Amino acid sequence: DSMVWARPEDGPFALEDGILCSVHGHTPVSAPTRIGQNIFCDLGAKWTGHLCAFDLDSLEITVFKGEGEDSLEKLPTFEAVGGIEPVRLEYRIVEL
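**Focus on the pattern of salt bridges**
Oppositely charged side chains can pair when the atoms bearing their charge come close.
Piece 1. Counting across every chain of the model gives 1 salt bridge.
Piece 2. Between D70 and K74 there is a salt bridge, and its shortest N-O distance comes to 3.5 Å.
Piece 3. With relative accessibility at 31%, the residue D70 sits in the partly exposed group.
Piece 4. Residue K74 is classed as exposed on the basis of its relative accessible area of 62%.

**With respect to the packing of aromatic side chains**
Piece 1. Summed over all chains, the structure comprises 1 aromatic pair.
Piece 2. Taking 5.4 Å as the distance between ring centres and 65° as the angle between the ring planes, the aromatic pair formed by F40 and F78 counts as edge-to-face. On the criterion of sequence distance, the pair formed by F40 in strand β3 (residues 38-40) and F78 in the loop between β5 (61-65) and β6 (87-88) is long-range, its members being 38 residues apart.

**Digging into the pairing of strand β4 (residues 50-54)**
Piece 1. What you see with β4 is a clean split: H50, C52 and F54 sit on the buried side and L51 and A53 on the side with no burial.
Piece 2. Direction of pairing for β4 relative to β5: antiparallel, over a ladder of 5 bridges. Residue pairing in the sheet places C52 in a bridge with V63 of β5.
Piece 3. In sequence, β4 turns back onto β5 through a hairpin of 6 residues, with L59 there showing a positive phi of about 65°.

**A closer look at the sheet that holds β4**
Piece 1. An order of β4-β5-β7 is seen for the 3 strands of this open sheet, with the pairing classed as mixed. Looking at which strands have only one partner, the edges of the open sheet turn out to be β4 and β7 (92-95). Across the sheet, the mean angle separating the axes of adjacent strands is 25° when strand polarity is ignored.
Piece 2. As judged from the 4 bridges shared by β5 and β7, these two strands associate in the parallel manner. Residue pairing in the sheet places T62 in a bridge with R92 of β7.

**A closer look at the sheet that holds strand β2 (residues 33-35)**
Piece 1. Judged by pairing direction, the sheet is mixed, and its 4 strands sit side by side in the order β1-β3-β2-β6 without closing on themselves. The open sheet has two edge strands with one neighbour each: β1 (22-24) and β6.
Piece 2. With 3 bridges joining them, β2 and β3 adopt antiparallel strand pairing. Considered in β3, the bridge of I35 is made with N38.

**Re the side chain of S22**
Piece 1. By secondary structure assignment, the location of S22 is in strand β1.
Piece 2. Within polar-contact distance, the side chain of S22 engages the side chain of N38 at 2.8 Å.

**Notes on the side chain of S30**
Piece 1. Here S30 lies in the loop between β1 and β2.
Piece 2. A polar contact is formed between the side chain of S30 and the side chain of R88, at a distance of 3.2 Å.
Piece 3. The contact partners of S30, leaving out residues within four places of it in the chain, are L43, L72, L75, P76, T77 and R88.

Reading the values: the criteria
Residues numbered from 1 in each chain as written. Predicted model: local features only at pLDDT ≥ 70, side-chain atom pairs only at ≥ 80, totals over all residues. Heavy atoms only, no water. Salt bridge = Lys/Arg side-chain N within 4 Å of Asp/Glu carboxyl O. Buried < 20%, exposed > 50% of the residue type's maximum accessible area, 1.4 Å probe, protein only. Phe/Tyr/Trp six-rings, centres within 6.5 Å; stacked < 30°, edge-to-face > 60°. Helix = DSSP H or I, 4+ residues; strand = E, 2+ residues; numbered from the N terminus. Pairing = 2+ DSSP bridges. Axes fitted to C-alpha atoms, helices over the stretch in contact; angles between N-to-C directions. Polar contact = N/O pair within 3.5 Å; in protein donor to acceptor, adjacent residues only side chain to side chain. Contact = heavy atoms within 4.5 Å.

In short, the description is geometric, and any link to function would need to be established separately.
This is how it looks when you write it as structure tokens:
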């Protein structure tokens with residue numbers, strides 16, 4: 001339940017042995033962000049026109065930018081969670 005419904009500030013979430021990371025949506029953020037082993041990549045595509053794609057093989061992040069009314073800067077950023085500082089992840093942008 002916590003992996004599906006909890007907010008990033010409720011974590012970070014412990015992962016089972018052998019799992020390198022977990023990728024989450026559900027809570028729009030201003031940039032793809034890692035907190036511990038948890039990656040949050042919902043950029044609010046419905047409102048911003050920015051859709052995040054995460055390649056699980058290469059771990060590369062691509063953001064597809066289309067039409068949207070709001071900018072990413074209007075979306076929230078994270079504070080430290082459980083003493084772990086959030087890391088904004090690098091990504092490339094593809095304009096549609």
